[in-house]
Amino acid sequence: VGLLAANEVDGVAFAEGSNALLPGAGYTLIDGGRFPPGTMDFSSIINEFKRNDVQILFGNLTPPDFARAWRQCFRMAFLPRICSIGRAIFFPTAVEALGGDLGLGLSSETPWHPAFPFKSSLACRVLAITFPMRCSWQVAHISGLSVRAP
């Protein structure tokens, strides 16, 4: 499992959690190290992933950092079987900005969605429906979502 994580709050938290939990769950973690936000060259990290036959890539990056890293992965023929990146691809516009078909097969966690059946005092369903309409944002499609309300 390869980890892409910048040297900022989210990246450090992802790295600390991953380094603490994944080895105990039977995974070999290849941690590319913390890189400064705005990094332009990910080749040393990608080469490390290739040397270690990384099949799963995950992390938490800003859209620009992930776009640069993912394009370089393609150029360097590093195509993991699974790629799940938090934050960078929450919105369809960020995936479209990758260009071509580079967004195909990517996954990300979903913090909330209008289809969630949960009840909340915060009226999350109303917010999830009205906010995107008011801001002219497209709601990200969720594949494989299966939840049950209590």
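For clarity, every value in this text was computed on a predicted model and none was experimentally measured. (Residues numbered from 1 in each chain as written. Predicted model: local features only at pLDDT ≥ 70, side-chain atom pairs only at ≥ 80, totals over all residues. Heavy atoms only, no water.)

A. A look at helix 1 (residues 9-21). Compared with an ideal rise of 1.5 Å per residue, which puts 13 residues at 18 Å, helix 1 spans 18 Å between its outermost C-alpha atoms and is within 8% of the ideal. Among the residues of helix 1, those classed as buried are Gly11, Ala15 and Ser18. Looking straight down helix 1, one finds its buried side chains confined to an arc of 75°; they lie on one side. More than 90 degrees from the buried face of helix 1, the exposed residues found are Val9, Glu16, Ala20 and Leu21. Looking at the buried side of helix 1, the elements it contacts are strand 1 (2-6), strand 2 (30-35) and strand 3 (56-60). (Helix = DSSP H or I, 4+ residues; strand = E, 2+ residues; numbered from the N terminus. Expected span 1.5 Å × (residues − 1). Buried < 20%, exposed > 50% of the residue type's maximum accessible area, 1.4 Å probe, protein only. Arc of directions from axis to C-beta. Contact = heavy atoms within 4.5 Å.)

B. Region of the structure containing the packing of aromatic side chains. Tallied over the full model, the rule gives five aromatic pairs. Judged by centre distance (5.7 Å) and plane angle (35°), the ring pair of Phe49 and Phe78 falls under tilted. Here Phe49, found in helix 2 (residues 43-51), pairs with Phe78, found in the loop between helix 3 (63-75) and strand 4 (82-86); they are 29 residues apart in sequence, far enough to count as distant. Between Trp70 and Phe74, the ring centres sit 5.3 Å apart and the planes meet at 75°, which makes this aromatic pair edge-to-face. (Phe/Tyr/Trp six-rings, centres within 6.5 Å; stacked < 30°, edge-to-face > 60°.)

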